[in-house]
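# Summary of the model geometry
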Amino acid sequence: MVHSFAGHKDTVFSIIMQDDEPQIISGSADRTIRVWDITSGKKMKALTNHKKSIRSMLFHPKEYTFLSAGADNLKLWKCPEAMFLRNFDQDLYTDAIKNVKSRKGFGIVNTVACDGDNLLAAGTDDGYIGFWDWDSGRMFQKIKSRPQPGSISSEAGIFCSSFDKSGLRYITGECDKTIKIWQ
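It should be emphasised that the depicted structure is a prediction, and the values quoted were computed from it without experimental measurement.

Here the focus is the packing of aromatic side chains. One pass over the full model with this rule turns up 8 aromatic pairs. Relative to Tyr170, the ring of Phe163 has its centre 5.1 Å away and its plane inclined at 45°; by these criteria the two rings are tilted. In terms of burial, Phe163 and Tyr170 fall into one category: buried. One aromatic cluster is present, formed by Phe59, Phe66, Trp77 and Phe84 through successive ring pairs.

The subject of this paragraph is the nonpolar core. Core analysis: the biggest nonpolar cluster contains 15 residues, and Leu67, Leu74, Phe88, Val112, Leu120, Trp132 and Trp134 have the highest contact counts within it. Where this core is concerned, the elements lending two or more residues are strand E6 (65-70), strand E7 (74-78), strand E11 (109-114) and strand E12 (119-124). For this core, the element with the most residues is E11, which contributes 3 residues.

Looking at the protein as a whole, its pLDDT mean stands at 88, while 91% of the residues score no less than 70. Put simply, strand E9 (residues 93-95) is where the protein has its lowest mean pLDDT, 45, and E7 is where it has its highest, 96. Here residues 92-103 is a poorly scored stretch, pLDDT under 50, and it has 17 contacts once near neighbours within four places are set aside; other chains count.

This part takes up the pairing of strand E8 (residues 83-88). Examined bridge by bridge, E7 and E8 share 5 bridges and lie antiparallel to one another. Of the residues in E8, the one forming a bridge with Lys78 is Met83. In sequence, E7 turns back onto E8 through a hairpin of 4 residues, with Ala82 there showing a positive phi of about 55°.

The 4 strands lie next to each other as E5-E6-E7-E8, forming an open sheet whose pairing is antiparallel. Looking along the sheet, the strands with just one partner apiece sit at the ends: strand E5 (54-59) and E8. The mean inter-strand angle of the sheet, taken between neighbouring strand axes irrespective of direction, is 25°.

Parameters and conventions
Residues numbered from 1 in each chain as written. Predicted model: local features only at pLDDT ≥ 70, side-chain atom pairs only at ≥ 80, totals over all residues. Heavy atoms only, no water. Phe/Tyr/Trp six-rings, centres within 6.5 Å; stacked < 30°, edge-to-face > 60°. Buried < 20%, exposed > 50% of the residue type's maximum accessible area, 1.4 Å probe, protein only. Core = buried A, V, L, I, M, F, W, Y, C linked by side-chain atoms within 4.5 Å. Helix = DSSP H or I, 4+ residues; strand = E, 2+ residues; numbered from the N terminus. pLDDT = per-residue confidence, 0-100. Contact = heavy atoms within 4.5 Å. Pairing = 2+ DSSP bridges. Axes fitted to C-alpha atoms, helices over the stretch in contact; angles between N-to-C directions.

This is how it looks when you write it as structure tokens:
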């Protein structure tokens, strides 16, 4: 170890960095996002917009923005100053199975991924995957991942995810000990 950044008051769940900026952005169970300057070794900013822990974050692959996924909601931020832009809609979605609108919450987001065409995907602790349009922040689909046979319902969580290089497949790592590929 060559340096340690201290300041969070609880578990750090997510760290992101950009290639061109000397910054580390961290999200924690203490409900804060902290922006650190690598060069000076100091905290630049503490963001307190989330009401619950921040579980995952990501930089947009083309824009100069980043997203934070908390247990309360998804938030979009402008770089490099970490200025809050907006929330992503999590309440209103169309249930594809029943084809009806519902006002249920989305759940605790553990992982987020964005392809190059502004498709945002998020996996939750209760096994749901949500899909949003990055530009509008509107959720347009929500699906439930089924645990493998023999798993118990508490093993439905999705804990990591990524789009492949083509952006055509979404890959999830799940609590039921599986890796699933979605088209």
